[in-house]
Amino acid sequence: MGAKVAVLHTVQSTLKPISEVFGKVAPDAQVVNLLDDSLLRDTAAAGRITPQVIQRICCYYACAQQLGAQAVLNACSSVREASELAATTVAIPVVNIDTAMARHAVSLGTRISLIATAPTTIEPSTRIIHRCAADQGKEVIVEPRLCVDASHLSAQGDYEGYMRALLEEIRDSLDSADVVVLAQVSMAAALERVPVEH
């Protein structure tokens, strides 16, 4: 068996795509999923990361360490900054799912369209892109785009409508951006429907 990795989820919709990625790139990994959807709900209700959210994430990371995990993956962009604080309380590495994405986006261009369906994702994702740009000595322009229609359709259980709204937002972004970033793991399935030339 490979390394044990704990994954912190704040929505159920990230369980499947992340499991599929592990199956492809690290099939021997022992994945332990930790799901608490109240983290995202509480963050959305407060409009910010709260001390209680930070405390709970610290608890989850401590549990991951006690379970024998060699690393933690935080699967939620909205609570990334709380995850960074919690990471300082454990002796195992913590990886935030949007960091590598932000670095790669900055390496590809300076006009970045950031598409999200969750309002809580916009500000932290914008900040990590700018931070990565500063690390690379670049200046970037980030255009946040909140896809409200997709969010509403998802809440109604209309998956196909959600995908259509998301793809329309992606297409609208292509003319004005060098790079289009999908800010949430739950949006990853849209990549399979984007035309190959993009």
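Keep in mind it's a predicted model, so treat the numbers as computed, not measured.

Caption draft 1: Local environment of the overall build of the protein chain. In terms of helices and strands, the protein chain carries 8 helices and 7 strands. Looking at the protein chain as a whole, 43% of its 198 residues qualify as buried. Contacts in the protein chain between residues at least 24 apart in sequence constitute 71% of all its contacts with a sequence separation of at least 6. Of the accessible surface of the protein chain, which amounts to about 10,300 Å², a share of 54% is contributed by carbon and sulfur atoms. Between the centroid of the 16 positive side chains of the protein chain and the centroid of its 22 negative side chains there is a distance of 4 Å.

Caption draft 2: Local environment of helix α8 (residues 159-174). Compared with the 22 Å implied by 1.5 Å per residue over 16 residues, the 23 Å span of α8 between its first and last C-alpha is a close match. The complete set of buried residues in α8 reads G161, Y162, M163, A165, L166, L167, E169, I170 and S173.

Caption draft 3: Quick look at the sheet that holds strand β6 (residues 141-146). Strand order in the open sheet made by the 3 strands is β6-β5-β7, with parallel pairing throughout. Sheet topology places β6 and β7 (179-182) at the edges, where each strand pairs with a single neighbour. With direction set aside, neighbouring strand axes in the sheet form an average angle of 25°. With respect to the sheet, helix α5 (residues 97-108) is in contact with β5 (111-116) and β7, its orientation differing from that of β7 by roughly 170°.

Caption draft 4: Fine view of the sheet that holds strand β1 (residues 4-9). Here 4 strands make up an open sheet; going across it, the order is β2-β1-β3-β4 and the pairing parallel. Here the strands that pair on one side only, and so sit at the sheet edges, are β2 (30-35) and β4 (94-96). Put simply, the sheet's adjacent strands are angled 20° from each other on average, direction ignored. One ladder, built from 3 bridges, connects strand β3 (residues 71-74) with β4; its direction is parallel. Bridge pairing links L73 to V95 in β4. Packing of helix α1 (residues 15-25) onto the sheet brings it into contact with β1, β2 and β3, and relative to β1 it is tilted by some 155°. On the sheet, α5 packs against β3 and β4 and is oriented at approximately 55° with respect to β4.

Caption draft 5: Highlighting the pairing of β2. Where β1 meets β2, 6 bridges bridge the pair, whose relative direction is parallel. Residue pairing for β2: V5 is matched across the bridge by V31. A crossover connection joins β1 to the parallel β2 through α1; in handedness this β-α-β unit is right-handed.

Caption draft 6: Expanded view of the environment of I92. As for its placement among the helices and strands, I92 is situated in the loop between α4 (80-87) and β4. In this structure the C-alpha to C-alpha distance between I92 and Y159, which are 67 residues apart in sequence, comes to 37 Å. With near-sequence residues (within four places) excluded, I92 lies in contact with A64, Q65, A69, Q70, A71 and V72.

Caption draft 7: Representation of a negative patch on the surface in the model. Taken together, the side chains of D149, E168, D172 and D175 make up a negatively charged region of the molecular surface. Checked against the element boundaries, E168 lands in helix α8.

Calculation rules
Residues numbered from 1 in each chain as written. Predicted model: local features only at pLDDT ≥ 70, side-chain atom pairs only at ≥ 80, totals over all residues. Heavy atoms only, no water. Helix = DSSP H or I, 4+ residues; strand = E, 2+ residues; numbered from the N terminus. Buried < 20%, exposed > 50% of the residue type's maximum accessible area, 1.4 Å probe, protein only. Contact = heavy atoms within 4.5 Å. Areas by Shrake-Rupley, 256 points an atom, 1.4 Å probe, with all protein chains shown as cover. Lys, Arg positive; Asp, Glu negative; His and termini not counted. Charge placed at Lys NZ, Arg CZ, Asp CG, Glu CD. Expected span 1.5 Å × (residues − 1). Pairing = 2+ DSSP bridges. Axes fitted to C-alpha atoms, helices over the stretch in contact; angles between N-to-C directions. Right-handed = clockwise from strand over helix to strand, strands pointing away. Patch = residues over 30% accessible without salt bridge, like charges linked within 9 Å, V, L, I, M, F, W, Y side chains within 5 Å. Salt bridge = Lys/Arg side-chain N within 4 Å of Asp/Glu carboxyl O.

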